[in-house]
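Fold and geometry: a report
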Amino acid sequence: MNHSLDTDKLEREVKSMYRDVAESSDAEFHFETGRDLAERLGYDPEDLEYVPDAAIDSFAGVGYYFDLAELDPGEDVLDLGSGSGMDAFVAGLHVTETGTVTGIDMTGEQIEKARDLAADNGFHNVDFRHGYIETLPFEDGSFDAVISNGVINLSAEKDRVFEEAFRVLRPGGRLAISDIISEEQMPESIKTDADLWAACIGGAEQVDRYTDLVDAAGFDVVAVSENTDYEFVSEQAANACSTYGVKSVSLVARKE
């Protein structure tokens, strides 16, 4: 953990930013949101037809990994940092009514919005829980797949996140995620800036270190690919991207 980062301030910043994402999808952020972003990243427009519009409007993901996840009907899926529910609802379509999807998020407004959307749109197999991705409130071996989109970079304890994901997966289960990484080590001035962490910049690990953390948790990394269609929109974030090679990747890893 980076001890010079004020983690309490980071949590407040992240909650504040994603509360705004939940409540005002047309506000300006460091990153894009919404349907155009989702379709450009690779989401199937036919899937999006069945996802509640309000969840799509608040979508703030950084890539598309469902092709890597290969979710099957009847599987149990956990979405880390589920936000307003976009990916959880897509996962719900893939596992069908015979499977389950559980989203976990630390922002109360996101959970409340996602629960309302699930209830109002007949997603009986999709549930949302308030909690932290570093300390998951689930039994060992509860899920067939763990998914996450643009969230793990926000954690100051990424090693714990991957260890917890490994713990709650069944043998043969997989981790399929999109996240922000960097090609170069960033200076302390960026890594200790809570606002830039909340913007998905400050917490970006170097890609080799990132995959090392996944390996160290016990996973076997199967594939890593760059999401070239993702870009930050604010000048501050874009500068960090060009200087330190900050970019989006998707990754799939398996628990043998």
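Computed from a predicted structure; not experimentally measured. (Residues numbered from 1 in each chain as written. Predicted model: local features only at pLDDT ≥ 70, side-chain atom pairs only at ≥ 80, totals over all residues. Heavy atoms only, no water.)

We now examine the side chain of E164. Inspection of the secondary structure puts E164 in helix 8 (residues 158-168). Given a relative accessible area of 7%, E164 falls into the buried group. Among the polar contacts made by the side chain of E164, one reaches the side chain of R167 at a distance of 2.7 Å. When neighbours within four sequence positions are excluded, E164 is seen to be in contact with I133, E134, T135 and L136. (Helix = DSSP H or I, 4+ residues; strand = E, 2+ residues; numbered from the N terminus. Buried < 20%, exposed > 50% of the residue type's maximum accessible area, 1.4 Å probe, protein only. Polar contact = N/O pair within 3.5 Å; in protein donor to acceptor, adjacent residues only side chain to side chain. Contact = heavy atoms within 4.5 Å.)

Our next topic: the packing of aromatic side chains. Tallied over the full model, the rule gives 10 aromatic pairs. Their ring planes at 70 degrees and their centres at 5.2 Å tell us that Y43 and F59 sit as a pair that is edge-to-face. Of this pair, Y43 sits in the loop between helix 2 (35-41) and helix 3 (45-48) while F59 sits in the loop between helix 4 (53-57) and helix 5 (66-69); the two residues are 16 residues apart in sequence, bridging distant segments of the chain. When sorted by exposure, Y43 lands in the same class as F59, which is buried. The interplanar angle of 80 degrees and the centroid separation of 5.4 Å between the aromatic rings of F162 and Y210 together place this pair among those described as edge-to-face. Taken together, the residues F162 in helix 8 and Y210 in helix 11 (residues 207-216) connect sequence positions 48 residues apart. Both residues of the pair, F162 and Y210, count as buried. The rings of Y43, F59, Y64, Y65 and F66 are connected pair by pair, giving a single aromatic cluster. K255 extends its terminal NZ or CZ atom over the ring of F166, reaching a point 4.5 Å from the ring centre. (Phe/Tyr/Trp six-rings, centres within 6.5 Å; stacked < 30°, edge-to-face > 60°. Lys NZ or Arg CZ within 6 Å of the ring centre and 35° of its normal.)

Of all 7 residues in strand 4 (residues 143-149), 7 are buried; the element is thus mostly enclosed. The pairing of strand 1 (residues 76-80) with strand 4 spans 4 bridges and is classified as parallel. For L78, the partnering residue across the bridge sits in strand 4 and is V146. Between the parallel pair strand 4 and strand 5 (residues 169-182), the chain is carried across by helix 8, and the sense of this crossover is right-handed. (Pairing = 2+ DSSP bridges. Right-handed = clockwise from strand over helix to strand, strands pointing away.)

The subject of this paragraph is unusual backbone geometry. Negative phi values dominate among residues other than glycine, just as trans dominates among peptide bonds. At E70, a residue that is not glycine, the phi angle is positive and equals roughly 50 degrees. Its place among the elements puts E70 in the loop between helix 5 and strand 1. Its identity as a non-glycine residue notwithstanding, T96 has a phi of 60 degrees, on the positive side. The topology assignment puts T96 in the loop between helix 6 (86-95) and strand 2 (100-105).

Once that is clear, we can look at the pairing of strand 1. Burial within strand 1 is extensive, with 5 of its 5 residues counted as buried. Neither face of strand 1 is open: one carries D76, L78 and L80, the other V77 and D79, and all of them are buried. Remark: the strand 1/helix 6/strand 2 crossover connection has right-handed handedness.

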